[in-house]
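Below, each chain spelled out in residue letters.
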Amino acid sequence: MNKTMETTPAIVSATAKQVGEIRARWAWIEPSVWTDRMLTALEQGVKGGIWFSLIDKVYAPANLFASYAKVAANGGAAGVDHVTVEDFTKRLSRNLEKLAAQLQEDKYCPQSVRRVNIPKPGTQETRPLGIPTVRDRVVQGALRHVLEPIFERQFAEHSYGFRPGRGGKDALRRVDRLLKQGCRYVVDVDLKSYFDTIPHDKLLAEVRKYDGDSRVLGLIEAFLKAEILDGMRQWTPESGAPQGAVLSPLLSNLYLNELDPHMAQWGYEMTRYADDLVIQCRSREEAERALSLVQAWTDQAGLTLHPTKTKIVDAESDGFEFLGYRFVKHRRFPRRKSLAKFKDAIWAKTRRANGRSLSMVIADVNRTLRGWFEYFQHSCRTTFPDLDGWIRMRLRSILRKRRGGRGRGRGAADYHRWPNAYFTEQGLYNLTMTHVLVCQSSRR
């Protein structure tokens, strides 16, 4: 008896430690869905790699509520039923109970997706955006809670888009590191209208590799085939996973996942952020072979490479763009579209007739500056002085108008009246100085 009492606590402690370590590695998952037992099975692998009996996790009340909480936090517009997040919240208990019952009884049917066209920053083009109803966003979120850990376990190391704990900065660091290692020839891949062209049958086949619950598969298919309402036009899509839907980033990542090991198997260094991807090579010949492989893979996957945007470039002479940056040699700059979007945001906040105090305008501008610098701080140092000067010109224009002047705030008189130090005293965020401080800190 004493021997048993001595050994039992050690066994329990070891098990608890193991479970705790597993949960720490999967800290981002939805805890109402993923129990300790399921997480252990996720790490150790299930028989055949396929998960069954998942639908009950989807319609579990705690999961639906957790999904609703994220939908409410994200806000967003109403769908075709004109029900806003606030409307849904007013009858929250009843709405969630109804969803759970419909899902449990196989009576749930997604509503049409409202399509709007939003402008692409820095261009005259637009991008289609799908807006599902709030109820459908809640159910898609519940589905994502269940499926994302299963799919995440399959994703490649050098895939960074729409994944927990990863982001654009990680992808940019890898691209920068490969450039410094001599991988200067870049296959700049552009998948034409990727989100609208994913073949439904092939995508569902990818899902079936890991999900054996026919009811969950049916639910995913129903969302993919939900009618699209675009103005007065309405149709049923035969392909695509509409941008704006909660499930689309996960499904789009899954469909391209097979390309990652395919390229790695041939020894190519690919960096992927969702459908944005570059392949870095040490010679043009190697880059041409990589492009041929990508072309062959996309053909069989039912996707199309953009005929003019997909190209091989020499980073030393031509440069290339990736995730908002332009890479030239070993230097980074914000690409033109990124700068145009940034200036549009500042311009809107610094209209000469805005009617707000200068301190309020600067506080508003600073919020944009801090967020922009957080992402673009790794740009070449020559990027920032011109931007600082342009921002101060916008502010001088406001002050000039308030004194009865006309035109932009420039010229010796305006510089003398409101020198650069004046705006520093007013608390204006200085991109140039912040960049200097960040560089000094990194060198230490």
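Residues numbered from 1 in each chain as written. Predicted model: local features only at pLDDT ≥ 70, side-chain atom pairs only at ≥ 80, totals over all residues. Heavy atoms only, no water.

Trainee: Describe the overall build of the protein, and please don't skip the residues or the numbers.
Mentor: Regarding its fold elements, the protein presents 20 helices and 11 strands. Taken along the three principal axes of its C-alpha coordinates, the protein extends 85 × 65 × 60 Å. Burial analysis of the protein (444 residues in total) assigns 45% to the buried set. Long-range contacts, defined as pairs at least 24 residues apart, comprise 71% of the intrachain contacts of the protein with a sequence gap of at least 6. Once the 71 positive and 50 negative side-chain charges of the protein are each reduced to a mean point, those two points are 9 Å apart. (Helix = DSSP H or I, 4+ residues; strand = E, 2+ residues; numbered from the N terminus. Buried < 20%, exposed > 50% of the residue type's maximum accessible area, 1.4 Å probe, protein only. Contact = heavy atoms within 4.5 Å. Lys, Arg positive; Asp, Glu negative; His and termini not counted. Charge placed at Lys NZ, Arg CZ, Asp CG, Glu CD.)

Trainee: I'd like a description of the confidence of the model for the protein, backed by residues and values.
Mentor: In this model, the protein carries a mean pLDDT of 92, and residues with pLDDT of at least 70 account for 94%. This model gives residues 1-12 a pLDDT under 50, and the stretch forms zero contacts once residues within four places in sequence are excluded. (pLDDT = per-residue confidence, 0-100.)

Trainee: Break down the pattern of salt bridges for me, citing the residues and quoting the values.
Mentor: The final tally for this structure, using the stated rule, is 25 salt bridges. One salt bridge connects arginine 23 with aspartate 36, and the closest N-O pair in it is separated by 2.9 Å. Of the two residues, arginine 23 is situated in helix H1 (residues 2-25) and aspartate 36 in helix H2 (residues 36-44); the sequence distance between them amounts to 13 residues. Judged by relative accessible area, aspartate 36 falls into the partly exposed class, the value being 37%. In this structure, aspartate 364 engages arginine 356 in a salt bridge whose closest nitrogen and oxygen atoms are separated by 3.4 Å. Residue classification places aspartate 364 among the buried residues on the basis of a relative accessible area of 13%. When salt bridges with common partners are traced through the structure, they connect Lys349, Arg356, Asp364 and Arg367 into a single cluster. (Salt bridge = Lys/Arg side-chain N within 4 Å of Asp/Glu carboxyl O.)

Trainee: Pulling in residues and values, what's your account of helix H12 (residues 248-256)?
Mentor: Among the nine residues that make up H12, nine are buried, leaving the element largely enclosed by the rest of the structure. Looking only at H12, the buried set comprises Ser248, Pro249, Leu250, Leu251, Ser252, Asn253, Leu254, Tyr255 and Leu256.

Trainee: Account for the packing of helix H7 (residues 134-152) against H12, with residues named and values stated.
Mentor: Remark: H7 packs on H12, axes separated minimally by 11 Å, with the N-to-C direction vectors making an angle of 25°. Considering the angle they form, H7 stands roughly parallel to H12. In terms of crossing hand, the pair formed by H7 and H12 is left-handed. Along its contact with H7, which presents Arg144, Leu147, Glu148 and Phe151, the element H12 presents Pro249, Leu250, Leu251 and Leu254. (Axes fitted to C-alpha atoms, helices over the stretch in contact; angles between N-to-C directions. Parallel < 35°, antiparallel > 145°, perpendicular 65-115°, else oblique. Left-handed = near helix turned anticlockwise from the far one by under 90°.)

Trainee: Quick one: what's the story with H7, residue by residue and with numbers?
Mentor: Helix length check: H7 (19 residues) gives 25 Å between terminal C-alpha atoms against 27 Å at 1.5 Å per residue, within 8%. If you look at H7, its biggest bend is around 35°, right at valine 146, and the proline proline 149 turns up within four residues after that. Burial runs high along H7: 19 of the 19 residues are buried. (Expected span 1.5 Å × (residues − 1). Bend = angle between axes of the 7 residues up to and from the residue.)

Trainee: Tell me about the sheet that holds strand S5 (residues 233-235), and name the residues and values.
Mentor: Spatially, S2-S1-S4-S5 is the arrangement adopted by the four strands of the open sheet, whose pairing is mixed. Looking at strand neighbours, the two that pair on one side only are strand S2 (126-131) and S5, the edges of this open sheet. Neighbour-to-neighbour, the strand axes of this sheet turn through a mean angle of 30°, independent of strand direction. Sheet topology places strand S1 (residues 113-119) next to S2; six bridges connect them, and they run antiparallel. Residue asparagine 117 lies in a different strand from S2, and its bridge partner there is proline 128. (Pairing = 2+ DSSP bridges.)

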